[in-house]
Amino acid sequence: MKTDLLSDRHIGIEEKDMEKMLSTIGVKSLNELINQTIPSNIRLKKPLNLPAPMTERAFAEHVNALGAKNKLFTSYIGMGWYDTITPAVIQRNVLENPVWYTSYTPYQSEVSQGRLEALMNFQTVVTDLTAMPLANCSLLDEATAAAEAAFMMFGLRTRDQQKSGANILFVDEKIFPQTLAVINTRALHQGIMVQTGNYKEVEFTPDMFGCIVQYPNADGNVEDYRGFTEKAHAAGCKVAVAADILSLALLVPPGEWGADIVFGSTQRLGIPMYYGGPSAAYFATRDEYKRSMPGRIIGWSKDKYGKLCYRMALQTREQHIKREKATSNICTSQALLATMSGFYAVYHGAEGLKNIANRIHLTATYVNKVLKKLGYKQHNTQFFDTLRFSLFDQISASQIRTIAESKKVNFRYFENGDVGISIDETTDIRDINVLVSIFSIAAEKELPEISSIPETGSLKEIFKRKSSFLTHPVFNQYHTETEMMRYIKRLDRKDISLAHSMISLGSCTMKLNAASELFPLSNQSFAGLHPFAPEDQVEGFAWLIYNLGEYLKTITGFAGVSFQPNSGAAGEYTGLRVIRTYLEVKGKGHRNKILIPASAHGTNPASAVQAGFTPVICDCDEFGNVDMEDLRAKAEANRDELAALMITYPSTHGIFETEIKEICDIIHSCGGQVYMDGANMNAQVGFTNPGTIGADVCHLNLHKTFAIPHGGGGPGAGPICVAKHLVPFLPEHPFKGGTKNTVSSAPYGSAGILPITYGYIRMMGAEGLTKATAVAILNANYMAARLKDTYGIVYSGANGFVGHEMILECRDIFQQTGISENDIAKRLMDFGYHAPTLSFPVHGTLMVEPTESESLAELDNFIDVMHTIYQEIQEVKEGTAYKDDNVLVNSPHPEYEVVGDNWQHAYSREKAAYPIPSVRDNKFWLNVARIDNTLGDRKLLTTRYDSFE
Ligand SMILES: *Cc1c(COP(=O)(O)O)cnc(C)c1O
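Residues numbered from 1 in each chain as written. Predicted model: local features only at pLDDT ≥ 70, side-chain atom pairs only at ≥ 80, totals over all residues. Heavy atoms only, no water.

For the protein, an unreviewed UniProt entry supplies the name glycine dehydrogenase (aminomethyl-transferring) and the organism Bacteroides sedimenti. Regarding the protein, the UniProt comment filed under Sequence similarities (unreviewed entry) reads as follows: "Belongs to the GcvP family." According to its UniProt record, the protein has this under Function (unreviewed entry): "The glycine cleavage system catalyzes the degradation of glycine. The P protein binds the alpha-amino group of glycine through its pyridoxal phosphate cofactor; CO(2) is released and the remaining methylamine moiety is then transferred to the lipoamide cofactor of the H protein." (UniProt positions renumbered as here; feature names shortened; annotations may be inferred.)

Quick look at the structure:
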């Protein structure tokens, strides 16, 4: 009998399945399995102290009541966040559609063609609006994109500049304060000196290598940077521009006046403000800098029969491959939000975007005129949407504020008493009349209400955009809801997501993202909040975030938490910065070595370098564990310089190393801190935690263990938890009164998705969370037990069990038959499965993580499929199938090939497409054959306009 608790629905295994699974594994009880798996010296003594679980219904009421404590005011604050209208067709069919929100990063391009197209649409929007040739498919937020731009320009210095040590980055003072704060944080340990000032007065010197300016600037003024850019280039400096993407529908884009990099937020393209995030940052640059570009790039390629298709290009730039040589540590970015913004542009087209931008501009022009008439002084000579007013002597900002708040309106209040107003897409006639009335009441002058806004804007000719954009048919075809709905559906049919089958990606924890956890994302009383809204308007959200922080502290055994980092890799960086600051305060700032096991995720060494440390790689032994002798030797050898160890637990090999406490002790005795990569928390929650183990700081991938969906490659949330001695060094935020260690645009990073994790914890409760961990370990061990005699399991723990994931051996198969792990991955697609993790952390293997959410039936089906594939491999081995014409090397088999008239393979169509009966019930029809990985890199084509011809 099911109770009405979420844990009964979240956990896929029923009591009646348990016995069979345990006996397959060879243990008597789940307890015994856990005792045999998790070392006793790190086990928690007591259950987690968390509130009793709520039913899904009770949670819905609770979260609505919290929402009701927020006050939804009309926001004219601006500063990087603007109210928007998410087209309902996009909200319902993308944001609220599990095909889009549960899919994985499109590494397996044959089952990701839908989201790859959507992301290329996004790239095309960015290149068109900025007039730059090359864009990536999102970064985390505007401020981190600025930091990436700074680091990229630093890396692109000429040989002479490098030789002479050119290290000054000029940042115009009229940049958003949060952007400047993040640039400062990231520049500090890269050897970059940030110099701020007025761009009109800067004197270029040989030690300057780059500049960052904002367009329109932080006050809202549209500056003419043409002369400045020419001077910068003449002096050998690159110019990066933070640009408001929507303004570029009206303004001459930076690509037309010489910018080298253009970046910013695409929140204005249909994404709610979400109290700060998530939304997608964009990043565009010149073609010649493509290899230095941070983030992922979608490119064209062809499948093996020559059909055009999409894939992720230039993956060898990424930190997975380049590790400590990577130019960025970014992994999870903002795919779902980029997808939505891309669709927003598809839905509106160029005319639609121009209309929206123009209406905003005309509104601002009108407000400017009227307020000036009332006697207020406006500072911006040229503006798009944002005005900055000085008040007269008798009127104070607090007076305006009192009137405004009585009418549920927020403005930006400058320190000097000026008032800022940013108009947005939602501002209508009613809003305008209210807005104007606030100022007329303060000025004690009557003004007639208006019923329409005037038709003429105030932009000078030299600022007006003349070039066209979004001319590709995709931006001109889907402007009705029916067409749009079908376009979205057409794309989502090309993608495998959790809505289709288990996605057993090791390390990525593709578990259930329960619908009841996701409801708050569509609730305006959370989604509609501006991150800089006054505290008394966000009581409900603040309460939720505070309490979530308390729960995460309980779960990790730590004393402090920061929600700023918006991905796991950003969490790594932040944790290392916190360690750095702590060491500096202790007078040990010279310690700059970070020990990292060879098996670590690529983001670990990349983050260490970004934080200004030098990685020292230590070995793993034949059992997959940290080689204790090597660790000891390297810790000792670097004793005076050791800053920290970065370690994943259970290890990326899926093993609970029994020596983990000793490992922490060795590092501490050498004066280092222990950073725990929390990507594998799904194997710890309720049984052990980083605090108990002896670590000092960890990040949590809320998009892995804590039920936030992957969104096809983001959003994510990577909060860090720290021990008591590190609490004083957690990130501050300019809006919350400090600028130390600021790592993202918004004070709580991707706040908008925190209610998902909050809901997960509140509905599961301590018992449910702990059981989820146990069942994750049960499922992995059940699969390991059933696959060990065919593929073989590469590593197991001290007592022969795996943790929550396992590595399947495929290297022997390759040696004996020439069938690679990649062939197995592609063949799985014919059965309707997404491949497990490929060649990480061990080359030539597959890493499987079933998670607790899968049912026994699904596990068994996946195992059947793996066994069938194993049989197919045996046929090649035994010579009953050809080495060069078999179901594996030819996989996946697309629909057009299977139904085509010229089937030429030595095996049947049925064997190709319907290899076992269960496939017939749930066939995933591919629309491309295996994709050529090198073609798309040799010739990089990244927008919808491109073609190979
Ligand atoms: C996923 C993962 C990361 C990176 O996290 P992102 O959120 O993608 O930045 C780091 N380490 C490990 C072990 C991971 O699995």
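**Student:** Sorry, what's going on with the environment of Lys511 here?
**Tutor:** Relative to the assigned elements, Lys511 resides in the loop between helix 16 (481-492) and helix 17 (515-518). Exposure remark for Lys511: the relative accessible area of 2% places this residue in the buried category. Separated by 198 residues in the primary sequence, Lys511 and Pro709 place their C-alpha atoms 8.2 Å from one another. Non-local contacts of Lys511, meaning those with residues more than four positions away in its chain, are made with His10, Leu498, Asn682, Lys704, Thr705, Ala707, Tyr760, Thr851, Glu852 and Ser853. One polar contact links Lys511 to Glu852, side chain to side chain, over a distance of 2.9 Å. (Helix = DSSP H or I, 4+ residues; strand = E, 2+ residues; numbered from the N terminus. Buried < 20%, exposed > 50% of the residue type's maximum accessible area, 1.4 Å probe, protein only. Contact = heavy atoms within 4.5 Å. Polar contact = N/O pair within 3.5 Å; in protein donor to acceptor, adjacent residues only side chain to side chain.)

**Student:** Even after reading the chapter, I still don't get the packing of helix 25 (residues 754-787) against helix 28 (residues 856-878), so can you show me in this structure?
**Tutor:** The geometry of a pair of packed helices is captured by two quantities: the angle between their axes and the separation between those axes. At a closest axis distance of 11 Å, the pairing of helix 25 and helix 28 adopts a crossing angle of 30°. The angle between the axes of helix 25 and helix 28 places the two elements in the roughly parallel class. Our pair here, helix 25 against helix 28, has a crossing hand that is right-handed. Every residue of helix 28 that contacts helix 25 at Asn779, Tyr782, Met783, Arg786 and Leu787 is listed here: Leu856, Leu859, Asp860, Phe862, Ile863, Asp864, Met866 and His867. (Axes fitted to C-alpha atoms, helices over the stretch in contact; angles between N-to-C directions. Parallel < 35°, antiparallel > 145°, perpendicular 65-115°, else oblique. Left-handed = near helix turned anticlockwise from the far one by under 90°.)

**Student:** Can you walk me through the sheet that holds strand 25 (residues 845-848) in this structure?
**Tutor:** Sheets are built from strands paired through backbone hydrogen bonds, the pairs being either parallel or antiparallel. Taken together, the 3 strands give an open sheet; going across it, the order is 23-25-24, and neighbouring strands pair in antiparallel fashion. The outermost strands of the open sheet, each flanked by one partner alone, are strand 23 (806-809) and strand 24 (837-838). Both strand 24 and strand 25 contribute to a ladder of 2 bridges, which runs antiparallel. Looking across to strand 25, one finds that Thr837 is bridged to Met847. (Pairing = 2+ DSSP bridges.)

**Student:** Please clarify how the UniProt feature "domain: Glycine cleavage system P-protein N-terminal" (unreviewed entry) in the protein should be interpreted in this entry.
**Tutor:** Within this numbering scheme, the UniProt entry marks residues 8-439 and 473-731 as carrying the feature "domain: Glycine cleavage system P-protein N-terminal" (unreviewed entry). From the first C-alpha to the last, residues 8-439 spans 56 Å; its make-up is 39% helix and 15% strand. Each end of residues 473-731 is marked by a C-alpha atom, and these two atoms are 45 Å apart; helix forms 34% of the span and strand 12%.

**Student:** Would you mind going over empty space enclosed by the protein with me for this structure?
**Tutor:** The gaps left among the atoms become clear once a water-sized probe is rolled over them. For the structure on display, the rule yields 11 cavities of 30 Å³ or more. Its volume calculated, the largest cavity comes out at about 230 Å³. If you trace the largest cavity, you find 26 residues lining it, with Gly80, Tyr82, Phe176, Gln214 and Asp244 closest to the centre. Looking at the lining of the largest cavity residue by residue, the class counts come to 11 nonpolar, 10 polar and 5 charged. (1 Å grid on protein atoms, 1.4 Å probe; cavity = no way out; pocket = protein on both sides within 12 Å on 5 of 7 lines; lining within 4 Å. Points joined across faces, edges and corners; volume = space filled by probe spheres on them. Nonpolar A, V, L, I, M, F, W, Y, C, P; charged D, E, K, R; others polar.)

**Student:** Whenever I open this one, the packing of aromatic side chains confuses me. Can you help?
**Tutor:** Within a pair of aromatic rings, the relevant descriptors are the distance that separates the centres and the angle that separates the planes. Evaluated as defined, the whole model comprises 35 aromatic pairs. Geometrically, the ring pair formed by Tyr199 and Phe228 is edge-to-face, given 5.5 Å between the ring centres and 85° between the ring planes. Within this pair, whereas Tyr199 is found in the loop between strand 4 (193-197) and strand 5 (208-215), its partner Phe228 is found in helix 11 (residues 226-234), the two being separated by 29 residues in sequence. For Phe228, a relative accessible area of 5% gives the class buried. For the ring pair Phe526 and Phe541, a centre distance of 5.1 Å and an interplane angle of 85° mean the geometry is edge-to-face. With Phe526 in helix 18 (residues 524-527) and Phe541 in helix 19 (residues 539-556), this pair connects stretches of sequence that are 15 residues apart. The class for Phe526 is buried, based on a relative accessible area of 2%. Judged by its relative accessible area of 0%, Phe541 is buried. (Phe/Tyr/Trp six-rings, centres within 6.5 Å; stacked < 30°, edge-to-face > 60°.)

**Student:** Quick question: what am I supposed to make of the sheet that holds strand 5 here?
**Tutor:** Spatial strand order, 2-8-7-6-5-3-4: 7 strands in an open sheet with mixed pairing. Each end of this open sheet is capped by a strand with a single partner; those strands are strand 2 (134-135) and strand 4. Across 3 bridges, the pairing between strand 6 (residues 238-243) and strand 7 (residues 261-265) is parallel. Bridge pairing in strand 7 links Ala240 to Ile261. Sitting on the sheet, helix 10 (residues 177-188) is in contact with strand 3 (168-172), strand 4 and strand 5, with an inclination near 155° to strand 4.

**Student:** How should the pairing of strand 15 (residues 419-422) be read in this particular structure?
**Tutor:** Here is the key point about a regular strand: its side chains alternate between the two faces of the sheet. Residues of strand 15 alternate between two faces, with Val419 and Ile421 on one and Gly420 and Ser422 on the opposite face, all of them buried. Here 2 bridges tie strand 14 (residues 412-413) to strand 15, and the two strands are oriented antiparallel to one another. Bridge pairing in strand 15 links Arg412 to Gly420. From the end of strand 14 to the start of strand 15, which pair antiparallel, there are 5 residues, and Gly417 there has a positive phi angle of about 100°.

**Student:** Looking at this structure, how should I read the domain arrangement of the protein?
**Tutor:** One frequently used descriptor of interface size is the decrease in accessible area upon assembly of the parts. Along its sequence, the protein is organised into domain 1 (74-502 + 923-949), domain 2 (558-749) and domain 3 (770-922). Measuring from the centre of the C-alpha atoms in domain 1 to the corresponding centre in domain 2 gives 31 Å. If you look at the interface, domain 1 gives 44 residues, while domain 2 gives 41 residues. Approximately 3300 Å² of surface area, both sides summed, lies buried where domain 1 meets domain 2, with 57% of it carried by carbon and sulfur atoms. It is His189, Arg323 and Asn329 in domain 1 that bury the most area against domain 2; as a group they hold 21% of the surface buried on that side. (Domains from an automatic or database assignment. Buried area = accessible area lost by both parts, 1.4 Å probe.)

**Student:** Could you clarify how one ought to interpret the site of the ligand in this entry?
**Tutor:** Around the ligand there are 14 residues in total, and Thr332, Ser507, Asp677, His703 and Lys704 lie nearest to it. Separating an oxygen atom of the ligand from a side-chain N or O atom of His703 is a distance of 2.6 Å. Within the side chain of Lys704, a nitrogen or oxygen atom sits 2.8 Å from an oxygen atom of the ligand. Alone, the ligand offers 380 Å² of accessible surface; in the complex the protein occludes 98% of this. (Near = heavy atom within 4 Å. Areas by Shrake-Rupley, 256 points an atom, 1.4 Å probe, with all protein chains shown as cover.)

**Student:** Which parts of the structure should I look at to understand the pattern of salt bridges?
**Tutor:** Should the charged atoms of two oppositely charged side chains come close, the side chains can pair. With the rule as written, the count across this model stands at 39 salt bridges. Residue Lys771 is joined to Glu15 by a salt bridge in which the shortest nitrogen-to-oxygen separation is 3.3 Å. Taken together, the positions of Lys771 in helix 25 and Glu15 in helix 2 (residues 15-25) put the pair 756 residues apart, joining distant regions of the chain. The exposure class assigned to Glu15 is exposed, which follows from its relative accessible area of 56%. For Glu910, the salt bridge goes to Arg920, with nearest N and O atoms at 2.5 Å. (Salt bridge = Lys/Arg side-chain N within 4 Å of Asp/Glu carboxyl O.)

**Student:** I tried to follow the layout of surface pockets on my own but got confused; where do I start?
**Tutor:** For the second largest pocket, the calculated volume is near 630 Å³. If you go around the second largest pocket, you meet 24 residues; those closest to its centre are Met79, Pro177, Arg412, Tyr413 and Phe414. Within the residue set of the lining of the second largest pocket, elements represented by two or more residues are helix 10, helix 14 (397-406) and strand 14. Among the residues making up the lining of the second largest pocket, the classes are represented as 13 nonpolar, 3 polar and 8 charged. Inspection of the lining of the second largest pocket shows a minimum of three residues originating in each of domain 1 (74-502 + 923-949) and domain 2 (558-749).

**Student:** Sorry, what's going on with the packing of helix 13 (residues 335-373) against helix 16 here?
**Tutor:** For the pair helix 13 and helix 16, the least separation of the axes is 10 Å and the interaxial angle reads 145°. Note on packing geometry: the crossing formed by helix 13 with helix 16 is right-handed. Across the interface between the two elements, Phe343, Val346 and Tyr347 of helix 13 pack against Glu481, Met484, Tyr487, Ile488 and Leu491 of helix 16. For the contact of helix 13 with helix 16, the residue count by class is 7 nonpolar, no polar and 1 charged.

**Student:** Would you mind going over the nonpolar core with me for this structure?
**Tutor:** Ranked by size, the top nonpolar core spans 244 residues in total, and within it Tyr376, Phe411 and Phe439 carry the most contacts. At 21 residues, helix 13 tops the list of elements feeding residues into this core. If we skip the residues at most four places from it in the chain, Phe411 touches Tyr76, Ile77, Ile400, Ala404, Val419, Gly420, Ile421, Leu435, Ile438 and Phe439. If you look at the next biggest cluster of nonpolar residues, it comprises 33 residues, including Ala146, Ala187, Ala242 and Ile261. (Core = buried A, V, L, I, M, F, W, Y, C linked by side-chain atoms within 4.5 Å.)

**Student:** Can you help me understand unusual backbone geometry in this one?
**Tutor:** Excluding glycine, most residues fall at negative phi; most peptide bonds, likewise, are trans. A cis amide bond links Gly277 with the next residue in sequence, Pro278, at an omega value of 5°. Secondary-structure assignment places Pro278 in the loop between strand 7 and strand 8 (281-285). Omega for the bond connecting Gly714 with Pro715 falls within 30 degrees of zero, at 20°, which places this linkage in the cis form. On the secondary structure map, Pro715 appears in the loop between strand 21 (697-699) and strand 22 (720-722). One non-glycine residue with positive phi stands out, namely Ala131, at about 60°. By the secondary structure assignment, Ala131 is in the loop between helix 7 (113-130) and strand 2. Residue Ala131 is classed as partly exposed on the basis of its relative accessible area, which comes to 26%. Not every positive phi belongs to a glycine, and Arg323 is a case in point at roughly 50°. The topology assignment puts Arg323 in the loop between helix 12 (319-322) and helix 13.

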